[in-house]
Amino acid sequence: MTYLHLHRNISHDSSLSFCCVCVDQLRYLHKSAQLVVAKGGAPWLLSLRGLPRLEVRRQLLALPGVGPKVADCVALFSLDQGEAVPVDTHVRDICARDYIPPTSAAAAAASSSGVPGAPAHLLVAGARSLTPTIYEAVGDIFRERFQRKAGWYVLASYISQAIHVNAVCLNISLSAVM
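What you see is a predicted model, and the numbers here were worked out from it, not measured in a lab.

Any chance you could explain the side chain of Gln 59 here in plain terms?
On the secondary structure map, Gln 59 appears in helix H4 (residues 53-61). Only 2.9 Å separates the side chain of Gln 59 from the side chain of Glu 55, close enough to count as a polar contact. Setting aside chain neighbours within four positions, we find Gln 59 in contact with Lys 39, Trp 44 and Leu 48.

Structure (structure tokens):
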């Protein structure tokens, strides 16, 4: 079901209950769908494809309930924005593990890594949480390395990590049974 279908099919008074989706998220989705329709619907969304990444993100963040990760997911998967890097704690950890030299991690541990303006690799290497600054730093590291395909490299890294974790869990489960 698309945003536009959702907008047309859900009234304000209906009981909103879909599997694993809370009512508040559906209310945001409904409000976002209304705003998208008011801006011109699918043609408006598709018009974002030709804009720079940061402008696309700004437009998407203006929709109710849309945060940076959702905006970057929509930009990457639907609006041809290959430089959009959706970041969560797993992606931050992949970045720190696979794309930051060990010397940077040691330097980050020794310095105050939350200083605005610090090099991205120092910010990410010492990060324990996912602040807006760390979110941007992770994306910058991937964009610097993979340029216009950064978001797709993140997706590939994320899937690879998930497969590895699932294989380890499956191996542990099988060894416990045998």
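Next comes the rest of the account.
Where do I start with the environment of Ala 75 in this structure?
With respect to the secondary-structure elements, Ala 75 resides in helix H5 (residues 68-78). Distance from Ala 75 to Leu 45, taken between C-alpha atoms, is 9.9 Å for residues 30 residues apart in sequence. Not counting chain neighbours up to four residues away, the residues in contact with Ala 75 comprise Val 56, Leu 60, Asp 80, Gln 81 and Ala 84.

I would appreciate a short explanation of the nonpolar core in the present structure.
In a soluble, globular protein the nonpolar side chains are often hidden away together inside. The biggest cluster of nonpolar side chains holds 17 residues, and the ones touching the most others in it are Cys 95, Val 124, Val 138 and Phe 142. Residues in contact with Phe 142, not counting those within four places in the same chain, are Val 85, Val 91, Cys 95, Tyr 99, Gln 147, Ala 150 and Val 154. Counting 13 residues, the second largest nonpolar core, distinct from the first, contains Leu 45, Val 66, Leu 76 and Leu 79.

How each quantity is defined
Residues numbered from 1 in each chain as written. Predicted model: local features only at pLDDT ≥ 70, side-chain atom pairs only at ≥ 80, totals over all residues. Heavy atoms only, no water. Helix = DSSP H or I, 4+ residues; strand = E, 2+ residues; numbered from the N terminus. Polar contact = N/O pair within 3.5 Å; in protein donor to acceptor, adjacent residues only side chain to side chain. Contact = heavy atoms within 4.5 Å. Core = buried A, V, L, I, M, F, W, Y, C linked by side-chain atoms within 4.5 Å. Buried < 20%, exposed > 50% of the residue type's maximum accessible area, 1.4 Å probe, protein only.

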